[in-house]
Amino acid sequence: MRFDELMKYAEQEGMKAGMEKGMEEGMEKGIEKGRQEGQQTGQNRILSLLDRMLADGQEAMLPRLKEPAVLEEMLKQYCI
């Protein structure tokens, strides 16, 4: 193989490795951004539920929101 062919091959392999690394980094950033957005959405849902329950005088039910079934039921009840 000639020198210029070797250089071209090396350049192509370097580009390929760079693209793979870039895709991997992009996926990691996308996953982290999705995680953050999911946490924010969850927090917003809980805050909306608390606001609505307090407005309806449902303070006594607040401790029961730790129970997954109760939380789901209240989210459905308030269409959140």
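Here goes a summary of the coordinates provided. Given the structure is predicted, the values throughout are model-derived calculations rather than measurements. (Residues numbered from 1 in each chain as written. Predicted model: local features only at pLDDT ≥ 70, side-chain atom pairs only at ≥ 80, totals over all residues. Heavy atoms only, no water.)

Quick word on the overall build of the protein
Argument step 1. Along the protein, the regular secondary structure elements total two helices and zero strands.
Argument step 2. Taking 12 Å as the expected radius of gyration for a compact globule of 80 residues, we find that the protein reaches 26 Å, considerably beyond that expectation.
Argument step 3. Viewed in the frame of its principal axes, the protein has a C-alpha envelope of about 80 × 20 × 20 Å.
Argument step 4. Looking at the 80 residues of the protein, the share that counts as buried comes to 9%.
Argument step 5. Within the protein, counting contacts between residues at least 6 apart in sequence, those at least 24 apart form 40% of the total.
Argument step 6. When the accessible surface of the protein is summed, it comes to about 6800 Å², and 58% of that surface belongs to carbon and sulfur atoms. (Helix = DSSP H or I, 4+ residues; strand = E, 2+ residues; numbered from the N terminus. Rg over C-alpha atoms; globule rule 2.2 N^0.38 Å. Buried < 20%, exposed > 50% of the residue type's maximum accessible area, 1.4 Å probe, protein only. Contact = heavy atoms within 4.5 Å. Areas by Shrake-Rupley, 256 points an atom, 1.4 Å probe, with all protein chains shown as cover.)

Some remarks on the nonpolar core
Argument step 1. Leu-49, Met-53, Leu-65, Val-70, Met-74, Leu-75 and Tyr-78 together form the largest nonpolar core, which totals seven residues.
Argument step 2. Every element with two or more residues in this core is listed here: α1 (3-55) and α2 (68-77).
Argument step 3. Top element by residues in this core is α2. It accounts for three residues. (Core = buried A, V, L, I, M, F, W, Y, C linked by side-chain atoms within 4.5 Å.)

Points about the pattern of salt bridges
Argument step 1. For the structure on display, the rule yields three salt bridges.
Argument step 2. A salt bridge links Lys-21 to Glu-25, with the nearest nitrogen and oxygen atoms 3.3 Å apart. With Lys-21 and Glu-25 both in helix α1 and four residues apart, this pair spans about one turn of that helix.
Argument step 3. A residue is classified by how much of its surface remains accessible, and Lys-21, at 53% relative accessible area, is exposed. (Salt bridge = Lys/Arg side-chain N within 4 Å of Asp/Glu carboxyl O.)

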